[in-house]
Amino acid sequence: MGQGGWTMITDASNPIVAFTSNGLYKGAAWVDYDNDNDIDLFAAPNFLFRNDGGGAFIQVTSVIGTAPLQFPGGSSWADADNDGDMDCALAQYPSGLYLNNGDGSFTDATTALDSLSELASWGCAFGETNGDGYPEVLYVHATGFHPAGAAQRPCRFYRSDGTFAPEPVRGYDFTESLAPYTVPYWSDYDLDGDMDLFIASGPGGSPGYDHCYRNMRIELGEDTLIEMTTEAFASVQQDGQCYNFIDADNDGDLDLCLTNYAGAASRFYRNNSGIYSPESTPWTTGLPRLANCWGDYDNDGDLDVVITSDYASVRYYSNDGTGTFTHEAGSISTANGSTGCANGDMDNDGDLDLFVYGSNASKALFRNDTVAGNRSWYSLKLVGTASGTTALGGLVRLKATINGVPRWQIREVNAQNSFQGHNDLRAHFGLGDATSIDSLEVRWPSGLVQSFGILAANARHTIVEGDAPTTAVPEAPNTTLDEEQLFTVQMESANDFMLVTTTAECPSGTWTLHRTNGQVLTTGRLSGSFKIPLGNLSNEVLLMSAGCGERKQTTPVPLIN
C-alpha cells in the first residue's frame, strides 16, 4: 500500500520551521522535559522547543549549550539525578551536563563531571549499566573531526553508584586512546537484562573496526565491559554511524541495523536465536548513510525505518511484517541531504511524527497524516523507582491479534537510537486492526517483571514500577509567552462555536484560527468578546493565535466530538 500522507509543516510561525542552525552533522531528540505528557524537541546545539499541545511549539531560552565552538553535536536525555525530570547531556565543544530544575529552567552541572568541560565530543549517551537506578553517561571524542583548537582527548565515561555522584571510569580502549569515536549507543542486544555498549567509530570514508562491548553484570556480577571480537558485526570492518537493535521480524529477538558511511556498505543483520546473519535490504549499499530511525510509522504492527544521508534525501522504508522492506517513494523527502532524525507523537494523535535535521535546507518537521491514522495503537511511558525514573534499558513486550494472527512486539527504552539523538522515550506500538491488547509485559532494569492481561487499544498509559497502568493525560498548556494572556477560549453548544474573550487591551491586535499545517480558517481584530462558528469541523486540533506588538499567544483548540 502506498504511504503518502506525510505533511511537511511549513507555517513560518512555528519556531521549529523558522529557526536556523549552522553546520550539518547534528542530532535532535524528542523529550518531555516539562512533564506535561506531550513531547518537546531539542535540536543540537542549543535549540529547545516547548510543546504546548496540538503541535503548537514555543522556542525556549535556556543555559544549554550557550556558546558552542563546533558545528557537529548531539544530545541524550535522562533523569541523571533521579529527581523526576529529564536532564540533558550535550555533545559539543565544550561538552556539558545540564540538570532540569523542574520549573522549565536548567542548571549547568558540567563541573560535576571531572574534566568534561575540556572535552570536544561528537556524540553522547545515557545508559543504565550497573542496576543502581542512576544512569551512566559516555561522551565520545572523534579524533580528526573536531575544530583545530580542540585538544585531542580520549572519551569520557562516568558512572554513578546509588546516588548522583558521577565518577570517571578508566581502563577501556575508548577511555585511554584516540580514535574517530563517533556516536555511542547502549542497548541490551542479547536481552539478558543489562545494557551493552556499541561505539560507532566510522573513519568517515575508509573502513575500520567499531568498538562493541558486552556488559558482564548479569554473567559475572561485575560492573565490567568485555570487548566483542567474534560477533558478525564486530569482526568485520565498518564505517559505523548508527547502531539500532530492533525486532524487525517480530520473532522475539533483536536484529541489528547499522548505517555506515562511505567506507563500508550499511548492514542489516537478522538475529536467528543469537546468530547474526547479514541480509540485503534496499539501504545496504555503498551510499554514505548516517541515521537509521525505527518506528511503526504506519501502525500496522511492525517496525519501519527512516534512513538519512548527507548525500541524498531522507528515505522511508516500510516493513511488510517479515523484515522485508520497500522504499515508499513520494512519502517524505528533503531538498538536500540530512543527518539527524527523530520520531515521536508530537500531537498525541496516536501516530509517529518525524523531525529531520541537518543543514537549514534539509531541516524538516513532518506530521504523520498517513494510513496510520486509521489503525489502532498503544503508547506506554515507564516511570521507574528502583530502576531509576527514566527506566533506561526497560523492555516492553506486547501481544495483540492483528489481521487474525497473534503477534508479539518488543520495544526498549533507549536514550540514543538515532544519529546524535533519540526518539521519544515512550514505547509506541502499532496495532493494525486490533481492538485490544491481549498481553503486556514489562521487564524493568531492576529485574522486576510485571504482566498484565487485556488492555484497551488506542490508549496512552503510564506505569510506575510495581503499579498498574494509568492513563496519561496531557496537562493544560502554558499558552503564552507573557505573564498576561491576550485571550481565553471557551467551547459552546457541543463545539458548534468557540467564545473568545480578550483579556488585554490591544486596539491593533489581530487573531487567526488555523490548522496545525498552517491553513488559515478565519481571522479578525482582537477586541472584546466574540464567537467563531466552527460549522462541521470535528476530531482535530485547531490553533488560535493572536499578536499584540511583540506579545504573542497560541492556544490549541481540541475539537473532539
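What you see is a predicted model; the values in this text were computed from it and never measured.

Reading guide: rules and limits
- Residues numbered from 1 in each chain as written.
- Predicted model: local features only at pLDDT ≥ 70, side-chain atom pairs only at ≥ 80, totals over all residues.
- Heavy atoms only, no water.
- Helix = DSSP H or I, 4+ residues; strand = E, 2+ residues; numbered from the N terminus.
- Rg over C-alpha atoms; globule rule 2.2 N^0.38 Å.
- Contact = heavy atoms within 4.5 Å.
- Areas by Shrake-Rupley, 256 points an atom, 1.4 Å probe, with all protein chains shown as cover.
- Buried < 20%, exposed > 50% of the residue type's maximum accessible area, 1.4 Å probe, protein only.
- Phe/Tyr/Trp six-rings, centres within 6.5 Å; stacked < 30°, edge-to-face > 60°.
- Pairing = 2+ DSSP bridges.
- Axes fitted to C-alpha atoms, helices over the stretch in contact; angles between N-to-C directions.
- Core = buried A, V, L, I, M, F, W, Y, C linked by side-chain atoms within 4.5 Å.
- Salt bridge = Lys/Arg side-chain N within 4 Å of Asp/Glu carboxyl O.
- Disulfide = S-S within 2.5 Å.
- pLDDT = per-residue confidence, 0-100.
- Polar contact = N/O pair within 3.5 Å; in protein donor to acceptor, adjacent residues only side chain to side chain.

Draft legend 1. Here's a closer look at the overall build of the protein. Along the backbone of the protein there are three helices and 45 strands. Computed over the C-alpha atoms, the radius of gyration of the protein is 23 Å, within 12% of the 24 Å expected from 2.2 N^0.38 for a compact globule of 561 residues. The principal-axis extent of the C-alpha atoms belonging to the protein is close to 70 × 60 × 45 Å. The long-range share in the protein, meaning contacts at least 24 apart out of those at least 6 apart in sequence, stands at 55%. When the accessible area of the protein is evaluated, it comes to approximately 19,900 Å², of which 49% is carbon and sulfur surface.

Draft legend 2. Quick peek at the environment of Leu431. Relative to the assigned elements, Leu431 resides in strand E32 (residues 427-432). Assessed through its relative accessible area of 0%, Leu431 is described here as buried. With 71 residues separating them along the chain, Leu431 and Asn360 place their C-alpha atoms 35 Å apart. In this structure Leu431 touches Asn299, Ser376, Trp377, Tyr378, Leu398, Ala400, Ile402, Gln409, Ile437 and Ala457, once residues within four positions along its chain are discounted.

Draft legend 3. Representation of the packing of aromatic side chains within the structure. This structure, assessed with the given rule, holds 38 aromatic pairs. Here the aromatic rings of Phe19 and Phe47 are separated by 4.7 Å at their centres, their planes lie at 45°, and the arrangement is tilted. Here the residue Phe19 occupies a position in the loop between helix H1 (15-18) and strand E2 (28-31), and Phe47 occupies one in strand E4 (residues 47-51), the gap between them amounting to 28 residues. For the pair shown, Phe19 and Phe47 are each scored as buried.

Draft legend 4. Examining the sheet that holds strand E40 (residues 497-502) more closely. Strand order in the open sheet made by the three strands is E39-E40-E43, with antiparallel pairing throughout. Each having just a single partner strand, strand E39 (487-492) and strand E43 (529-533) make up the two edges of the open sheet. Averaged over all adjacent pairs, the angle separating strand axes in this sheet is 25°, with direction ignored. Note: E40 against E43, five bridges, orientation antiparallel. Following the sheet pairing, Val500 is matched in E43 by Phe530.

Draft legend 5. A look at the pairing of strand E5 (residues 57-60). Relative to E5, E4 runs antiparallel, the two sharing four bridges. Residue pairing for E5: Phe49 is matched across the bridge by Gln59. Here E4 folds back onto E5, and the loop between the two strands holds five residues, one of which, Gly53, carries a positive phi near 100°.

Draft legend 6. A look at the sheet that holds strand E21 (residues 275-278). Strand order in the open sheet formed by four strands is E18-E19-E20-E21, and the pairing between neighbours is antiparallel. If you trace the sheet from one side to the other, it starts and ends with strand E18 (240-246) and E21, each paired once. Put simply, the sheet's adjacent strands are angled 20° from each other on average, direction ignored.

Draft legend 7. Local environment of the nonpolar core. Grouped together as the largest cluster of nonpolar side chains are 70 residues, with contacts concentrated most on Trp77, Tyr139, Phe174 and Tyr378. Non-local contacts of Tyr378, meaning those with residues more than four positions away in its chain, are made with Leu398, Ala427, His428, Phe429, Leu431, Ile437, Leu440, Leu455, Ala456, Ala459 and His461.

Draft legend 8. Structural context of the environment of Ala248. Turning to its location among the elements, Ala248 is positioned in the loop between E18 and strand E19 (255-260). By relative accessible area, which is 0% here, Ala248 ends up buried. In sequence terms Ala248 and Tyr33 are 215 residues apart; their C-alpha atoms lie 29 Å from each other. Filtering out sequence-adjacent residues up to four positions away, Ala248 remains in contact with Asp255, Phe268, Trp294, Asn319, Gly323 and Phe325.

Draft legend 9. Representation of the pattern of salt bridges within the structure. A full pass over the atoms with the stated rule returns 12 salt bridges. In this structure, Arg50 and Asp52 form a salt bridge, with 2.8 Å as the shortest nitrogen-oxygen distance. Linking Asp424 and Arg426 is a salt bridge whose minimum nitrogen-to-oxygen distance equals 2.6 Å. We note that Asp424, like Arg426, is buried. When salt bridges with common partners are traced through the structure, they connect Asp190, Arg214 and Glu231 into a single cluster.

Draft legend 10. Region of interest: unusual backbone geometry. The peptide bond linking Ala44 to Pro45 adopts the cis configuration, its omega dihedral lying at 10°. Residue Pro94 is reached from Tyr93 by a cis peptide bond, and omega for that bond is 5°. Mapped onto the elements of the fold, Pro94 is located in the loop between strand E7 (87-91) and strand E8 (96-100).

Draft legend 11. A look at the state of the cysteines. All chains considered together, the criterion is met by zero disulfides. Cysteine Cys124 is unpaired, with the sulfur of Cys88 as its nearest cysteine sulfur at 7.1 Å. The class for Cys124 is buried, based on a relative accessible area of 1%. Free cysteine Cys212: the closest other cysteine sulfur is in Cys242, separated by 13 Å.

Draft legend 12. Structural detail: the confidence of the model for the protein. The pLDDT averaged across the protein works out to 92; a share of 96% of its residues lies at or above 70. The low-confidence segment residues 478-483, where pLDDT is below 50, has 15 contacts with residues more than four positions distant or belonging to other chains.

Draft legend 13. Quick look at the environment of Gly535. Relative to the elements of secondary structure, Gly535 occurs in the loop between E43 and strand E44 (540-548). We classify Gly535 as exposed; its relative accessible area is 54%. Remark: the alpha-carbon pair of Gly535 and Gly466, spanning 69 residues in sequence, is separated by 47 Å.

Draft legend 14. Spatial organisation of the side chain of Gln241. Mapped onto the secondary structure, Gln241 falls in strand E18. Its relative accessible area of 5% is what places Gln241 among the buried residues. Among the polar contacts made by the side chain of Gln241, one reaches the main-chain carbonyl oxygen of Asp239 at a distance of 3.2 Å.

Draft legend 15. Focus on the pairing of E4. Taking burial as the measure, the five residues of E4 include five buried ones, the bulk of the element. Neither face of E4 is exposed, since Phe47, Phe49 and Asn51 on one face and Leu48 and Arg50 on the opposite face are all buried. Pairing of strand E3 (residues 40-43) with E4 involves three bridges; the strand directions are antiparallel. Following the sheet pairing, Ala43 is matched in E4 by Phe47.

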